[in-house]
Amino acid sequence: MSHSAAPTDERLSRHEFLTLLHERLRPRTYLEVGVSTGRSLALSSVPRVGVDPAYRIETELEGDVTLARTTSDEYFATTDPKDRLGGPVELAFIDGMHVFEYALRDFVNVEKHCRWSSVVVFDDMLPRNVDEAARDRHTLAWTGDVFWVAEVLRRYRPDLTVLPVDTVPTGVVVVLGADPSSTVLQDHYQEILDQYVHDDPQPVPDAILRRQDAWDARTLIRRPVWGLLHRGDRPWRRRERGLAEIQEALHQPDDYRRRRRAAREKAQHVVRNVRAGRVRPGTTPVAPAETPADTAQSLLAATTQAGLEAPRRIALLARGRRPALAREIRALRPGIKVVQVDARARAADVRLALASAGRLDAVVDLTPDRDGRAARARELLPHVRKGGVLVLPDAAGGDGVDVRTIPTLARVGVHGTHLWLRACHNAAEVESFFAERGFEVLFPEDYPIAEQAQLFRFARDVAGFGGSAMFNVAFATEPARVCLISAETYSPQNEAMIAAANGHRLTMVWCHADVPHGSGTGVDSRMHTPFTFDFDREGAFLKRVLDEPLPA
Ligand SMILES: C[S@@+](CC[C@H](N)C(=O)[O-])C[C@H]1O[C@@H](n2cnc3c(N)ncnc32)[C@H](O)[C@@H]1O
């Protein structure tokens, strides 16, 4: 496949390409091996680290820059760049010693500090002639033999996406899909050197000299992959799914855009529906109150407004006890039980105190811990009864609180992934089948984790595809039915465990797998194989499962 369309004089230089990459990817951290005068380092303004034993900065560098005057091998042996950057490297530029094994080691070292969504760019990967590619430099313009790194990555790390880019003068290679836990390159280091270190003149493959597989830089920059990688820092985004999305965003950009647009619209639609029918608007601000009596009054007024007429049992989660507030609440609602839970206790003790309080009508979180709001919502949710309310610190950061009714979706259908990874080829048809039966079909990963938990919390009936965030049924603790549609090669141990713990009735609907039992190159290919739901073979069974009345 060739993506190189631009005539020579219109091609981007490496620095122009990097400039656009910074704009599109918006990395939060940057690392550079080989700084020289600082020209490429100056293209970034986020926290960054530059390593070079002989840099001589001639460019103004603004912001949070750390320079290490040492070789990259020495630097990585003694330093963790994440300490300076405050997190993983999101964009790396490897442009140090232009000899194959140095660049390979630079990649091995850099990858350890990446996440799957990081981008690693190598400079000088497309030499124009054999002289330029010599290990032993004898020309003015010099790439060295670093181009072999791309060959090695393709052969030893097929999980990575290696993209040569037609920049002037000497091309770059972009590597996507890093795996910081991989040791393949280290484990085969000597074997790789034995094969790829050649005496000069280098046998540079013709395809490299002709830039046969190189992307036109502008085309690559316009692919919708950079936003996807930018969002890769979200903890619920997994590498497996990310790798599949990278492929789609690069090679079927229109499909990718359509799918994202549809998922966004669907999510908005579901949220609107949920809000209109079952969830009161998220926020009922409670004015800051001077006295415990005022606080009690405004809290109870807010819970009434959120649909909870007469709470009988509520928990107050606060740093320390609030006896005066509890007294005032009891005075306003005689007979109400107020359980006080000290948020300063260990998390396990907080959970135990809430669990032993029984099913609660409301849990009021009075801790000022706004950062932990989503985590807190997820923790508290299981203790609130159906139709109850959760009172959380104000998301807007004011002095009030948010009062939210717990949504009660009865039937949740889970979208297929639409990607090669455990994708159901005819997912849309199966989803319509769910929708006709009153399931709200949604894609959990479109929601923050606390909302995912909330959406599944009271679902009595969940149906979806293996590999599409169906583990959310862990949050479905009402006695529920779970129907999992999957390739017949999938092994549903986790779903079975969750079903046993939560008391679900789990029904598996097995489908034809693209990679059948006993074939494929390993467990992964069988576990993750796409599959087809055969309406002739399994349709009647699925209908019977979904149409059967739920146990009371
Ligand atoms: C081509 S220049 C870098 C240019 C710079 N990235 C830019 O685009 O503006 C290569 C640099 O790599 C540095 N270098 C050489 N060996 C190195 C090593 N082992 N580790 C890190 N940097 C090295 C050299 O000192 C030189 O300044």
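Calculation criteria
Residues numbered from 1 in each chain as written. Predicted model: local features only at pLDDT ≥ 70, side-chain atom pairs only at ≥ 80, totals over all residues. Heavy atoms only, no water. Pairing = 2+ DSSP bridges. Helix = DSSP H or I, 4+ residues; strand = E, 2+ residues; numbered from the N terminus. Axes fitted to C-alpha atoms, helices over the stretch in contact; angles between N-to-C directions. Contact = heavy atoms within 4.5 Å. pLDDT = per-residue confidence, 0-100. Expected span 1.5 Å × (residues − 1). Buried < 20%, exposed > 50% of the residue type's maximum accessible area, 1.4 Å probe, protein only. Parallel < 35°, antiparallel > 145°, perpendicular 65-115°, else oblique. Left-handed = near helix turned anticlockwise from the far one by under 90°. Nonpolar A, V, L, I, M, F, W, Y, C, P; charged D, E, K, R; others polar. Core = buried A, V, L, I, M, F, W, Y, C linked by side-chain atoms within 4.5 Å. Phe/Tyr/Trp six-rings, centres within 6.5 Å; stacked < 30°, edge-to-face > 60°. Polar contact = N/O pair within 3.5 Å; in protein donor to acceptor, adjacent residues only side chain to side chain. Salt bridge = Lys/Arg side-chain N within 4 Å of Asp/Glu carboxyl O.

Any details on the sheet that holds strand 4 (residues 89-94)? Residues and values, ideally.
Within the open sheet, the 7 strands sit side by side as 3-2-1-4-5-7-6. Their pairing is mixed. Two strands close off the open sheet at either side, each with one partner strand: strand 3 (65-68) and strand 6 (161-165). Within the sheet, the average angular offset between the axes of one strand and its neighbour, ignoring direction, is 15°. Pairing between strand 6 and strand 7 (residues 172-176): 5 bridges, direction antiparallel. Bridging across to strand 7, T161 finds its partner in L176. Running at roughly 160° to strand 5 (residues 114-123), helix 4 (residues 100-111) makes contact with strand 1 (30-33), strand 4, strand 5 and strand 7 of the sheet. Against the sheet, helix 5 (residues 148-156) touches strand 5, strand 6 and strand 7, its axis set at about 155° to strand 6.

Describe the confidence of the model for the protein, naming the residues involved and giving the relevant values.
Chain-level pLDDT for the protein is 83 on average; 81% of the residues reach the 70-or-more range. Long-range and interchain partners of residues 396-400, a stretch whose pLDDT sits below 50, account for 9 contacts in this model, where long-range means more than four residues apart.

Outline helix 11 (residues 239-251), supporting the account with residue identities and numerical values.
Spanning 13 residues, helix 11 covers 18 Å between terminal C-alpha atoms, matching the ideal 18 Å at 1.5 Å per step. Inspection of helix 11 places R241, G242, L243, A244, E245, I246, E248, A249 and L250 among the buried residues, and these make up the whole buried set.

Can you lay out the packing of helix 17 (residues 427-436) against helix 21 (residues 535-547) for me, pointing to particular residues and giving the numbers?
Two quantities define a packed helix pair, namely the angle between the axes and the distance from one axis to the other. Relative to each other, helix 17 and helix 21 sit at 25°, their axes nearing to 11 Å. Considered as vectors, helix 17 and helix 21 are oriented roughly parallel to each other. Crossing handedness for the pair helix 17 and helix 21: right-handed. Counting all contacts with helix 17, which are made through E429, V430, F433 and F434, the residues of helix 21 involved are F535, G539, L542, K543 and L546. In terms of residue class, the contact of helix 17 with helix 21 is built from 6 nonpolar, 1 polar and 2 charged.

Pulling in residues and values, what's your account of unusual backbone geometry?
For residues other than glycine, phi is negative in most cases, and the peptide bonds are mostly trans. The amide bond that connects V168 to the next residue, P169, takes the cis arrangement and shows omega of 0°. You can see P169 is positioned in the loop between strand 6 and strand 7. The residue after D200, namely P201, is reached through a cis peptide bond having omega -5°. One can find P201 in the loop between helix 7 (189-196) and helix 8 (206-209). Positioned with a positive phi, S36 is a non-glycine residue whose angle comes to about 55°.

Could you give an account of the nonpolar core, naming the residues involved and the relevant values?
The biggest cluster of nonpolar side chains holds 43 residues, and the ones touching the most others in it are F100, F107, V120, F122 and L153. When near neighbours in sequence (up to four residues on either side) are disregarded, F107 contacts I94, V120, F122, L153, R157, L160, V175 and L185. Judged by nonpolar contacts, the second largest core, of 33 residues, contains L12, L21, L91 and L220.

Give a detailed account of the packing of aromatic side chains, specifying residues and quantitative values.
Tallied over the entire structure, the rule returns 9 aromatic pairs. Each ring, one from F433 and one from F535, has its centre 5.7 Å from the other, and the planes form 70°; the classification is edge-to-face. Residue F433 is located in helix 17, and its partner F535 is located in helix 21; the two are separated by 102 residues in the primary sequence. Judged by its relative accessible area of 12%, F433 falls in the buried class. Judged by its relative accessible area of 27%, F535 is partly exposed.

Please give an account of the pairing of strand 1 that cites residues and values.
Because side chains alternate across strand 1, one face comprises the buried residues Y30 and E32, and the other comprises L31 and V33, equally buried. Note that strand 1 and strand 2 (residues 48-51) share 4 bridges and pair parallel. If you follow Y30 over to strand 2, its bridge partner there is R48. Bridge count for strand 1 against strand 4 is 4 bridges, and the pairing is parallel. Following the sheet pairing, E32 is matched in strand 4 by F93.

For the environment of E90, give the residues involved together with the corresponding values.
With respect to the helices and strands, E90 occurs in strand 4. Counting along the chain gives 27 residues from E90 to S117, while the straight-line C-alpha distance between them is 7.2 Å. Excluding residues within four positions of it along the chain, E90 makes contact with L25, R26, P27, R28, T29, R115, S118, V119 and D233. Among the polar contacts listed, one links the side chain of E90 to the side chain of R28, at a separation of 2.8 Å.

Please provide a residue-by-residue account of the pattern of salt bridges, values included.
Under the criterion given, the structure shown has 31 salt bridges. The partner of D166 in a salt bridge is R211, with the nearest N and O atoms 2.8 Å apart. Here the residue D166 occupies a position in the loop between strand 6 and strand 7, and R211 occupies one in the loop between helix 8 and helix 9 (217-222), the gap between them amounting to 45 residues. With a relative accessible area of 7%, D166 lands in the buried category. On the basis of relative accessibility, which here comes to 8%, the residue R211 falls in the buried class. Residues participating in the shared-partner salt-bridge network are E111, R157, D159, D179 and R239.

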